[in-house]
Structures are given as C-alpha cells and as structure tokens.
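As a plain string of letters, each chain reads:
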Amino acid sequence: MATPPPPYPHQPAGPYPGHAPQAPYVPQAPYAPAASQAAYAPLTPEQGAYGCRVCGSLPVADTTVYGHQGLVVLMRFRSRKGPFCRDCGVATVREMSARTLWQGWWSPLSVVIAPITLLVNLGPWGKLCRLGPPRGGVMAPLDPGRSLWLRPPALAFLVPLVLAVLAIPTLILVSTLNGDDKEAVLQVGQCVRNEGDWKNEALVVTDCKAGFAQYEVTGHLDHTGARCADGEYITHLRERPQGPASSCLRPLPLRP
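Definitions and limits used
Residues numbered from 1 in each chain as written. Predicted model: local features only at pLDDT ≥ 70, side-chain atom pairs only at ≥ 80, totals over all residues. Heavy atoms only, no water. Helix = DSSP H or I, 4+ residues; strand = E, 2+ residues; numbered from the N terminus. Contact = heavy atoms within 4.5 Å. Areas by Shrake-Rupley, 256 points an atom, 1.4 Å probe, with all protein chains shown as cover. Buried < 20%, exposed > 50% of the residue type's maximum accessible area, 1.4 Å probe, protein only. Patch = residues over 30% accessible without salt bridge, like charges linked within 9 Å, V, L, I, M, F, W, Y side chains within 5 Å. Salt bridge = Lys/Arg side-chain N within 4 Å of Asp/Glu carboxyl O. Disulfide = S-S within 2.5 Å. Pairing = 2+ DSSP bridges.

### Notes on the overall build of the protein
Looking only at helices and strands, the protein features 4 helices and 7 strands. The long-range share in the protein, meaning contacts at least 24 apart out of those at least 6 apart in sequence, stands at 59%. Counting only carbon and sulfur atoms, one obtains 64% of the accessible surface of the protein, whose full area is about 18300 Å².

### Quick word on the environment of Gly56
Counting through the fold element by element, Gly56 comes out in the segment before strand E1 (64-71). The class of Gly56 is partly exposed, set by a relative accessible area of 24%. For the pair Gly56 and Ala140, spaced 84 residues apart in sequence, the C-alpha separation works out to 8.9 Å. Once residues within four sequence positions are removed from consideration, Gly56 is found in contact with Gly51, Gly136, Gly137 and Val138.

### Things to note about unusual backbone geometry
Of note, the bond from Leu58 into Pro59 is cis; its omega dihedral lies within 30 degrees of zero at -5°. Along the chain, Pro59 turns up in the segment before E1. The peptide bond linking Gly82 to Pro83 adopts the cis configuration, its omega dihedral lying at 10°. Take Pro83: it is sitting in the loop between strand E2 (74-81) and helix H1 (86-103).

### Section: a nonpolar patch on the surface
On the surface, Tyr66, Val111, Val112, Ile116 and Val120 cluster together to form a nonpolar patch covering roughly 420 Å² of accessible area. Here the nonpolar patch gets 4 residues from one element, more than from any other, and that element is helix H2 (residues 110-120). Here Tyr66 is to be found in strand E1.

### Notes on the state of the cysteines
What the rule picks out here adds up to 2 disulfides. Across the protein, the disulfide pattern expressed with sequentially numbered bonded cysteines is 1-2, 3-4. With no disulfide of its own, Cys88 lies 3.5 Å from the sulfur of Cys85, the closest cysteine sulfur.

### Concerning the sheet that holds strand E5 (residues 215-221)
Spatially, E4-E3-E5-E7-E6 is the arrangement adopted by the 5 strands of the open sheet, whose pairing is antiparallel. Each of the sheet's edge strands pairs with one partner strand only, and the pair in question is strand E4 (203-206) and strand E6 (233-234). Taken together, the 2 bridges between strand E3 (residues 191-194) and E5 define a ladder with antiparallel strand orientation. Of the residues in E5, the one forming a bridge with Val192 is Tyr215.

Just distances and angles here, no functional claims.
In structure tokens form, the structure reads like this:
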C-alpha cells in the first residue's frame, strides 16, 4: 500500500514573508473643480433653456415660423418651431415665406390664407432681427441668403402682381384718353383734317393756317332743306347741341 504524502507545514501567523504591512487608509479632501469647469452664467429668458435648434448658438428667440401650401382642393399648413438664433431664424423665415409665395395660391381659400401667413411671419422676423450675432454653437449657423423679395419665387409672384396693379390705372388712363378723343362739335369756319378714311373718319380740328388742314366746315345739315354745296363732303352724323347732324366740308387747296 502506498504511503500518503507528508502534511504541509503549518503557515506561521502574521504577514507574508517579504511584504511590508500596509499603512492605514486616510480619507482625502473633497475634489475642487478646475477653473475651466466653472459653471456657465445662467441663460436669460430671451435665450431660453437651450441654444438654437439648428446650430446650438446663443442668443435665441423662442418663436415659430409658418408656411402654407395650396393643393387645388386641399391645403397644407406648415410650421417650424424654435428656438432660433438670428441667422438660422431669418433663413427659415425667408425659406418658408418664399415657398408660400409660389405654393400658397393653388386652392380657393389659399388665396386668402397665403397673404395672412406672410403677414404673420413678420412677427418672428422682427423678433429675430433684434437678436445679437450668433455665437457658441456646435456648428455654423444657416446662411440667411438673399432678401425674400430678391428670390426667384418672390419675383415670379411680384411680376404678375405688379402688372395686375399697374393694369388698373393703365386702363383708366386709356379710357380717359379715349374719352378725350370723342368727336368734337364742329363749328362753321373751323378747319379739320381726316386722320382716317371716309368709311372710318377721324376728323381732328386744326389751325386753318397750318399746312396740314384739309377741309373747312361750311355748314350743318341740322334743319329741313339744308344741303351742302357741290364738291363738298358730308360727314357722318355727329353730336350737336340740337341733336345729331352731318356737316359740310369744303376741301382746301394744297399748300406747298
């Protein structure tokens, strides 16, 4: 039968050989924050609790920008809620307003709602323009770009609008000028020239001494028995104080 191995020698009490005893634990002083980790100054109410929703810059305005789109028989109301810094907010106002200018008219009610939407956006635009330059963002702010009224959608809207607005006084002016071209009441002894043909006569009173006078008014067929002399022309019926009547025109000799 095999002999069992001898037992391990008894380990002496105390620390292991070759290891010095550890010093007792001494609690450390509380950690003092570094100067670079000092707390930021509290945000003002105008800045809100966070920075710009687009770039993270400050200061910001907590405002909402609106847009409108007409879809023939349907409509779509759009909005983008802030907060926005100055540059990102102005860029958003210009973008949504420009889209409204060319997308917001294509339904019956949109003709009224689109202008109201553009007027409502004046409030956010004014609030954003009063902000200082953006700073401290995590990315560059949006480029506001060109003014709203210099963008192609705005020009496509403004050109027909301006033409429509100008058409009204133009029509009034044309009608007034045409009214001034009413047939003048011819008087005996006046000289006239015909700027049309005899089928569509257009008699204009002129100076008898002028070289372009063509006819002299010699009388009117406004009573019974009145007649023109041989060789004279008879005008169409023209308004006279006694009622419509034709006039007699004597051709004038040609002048050099």
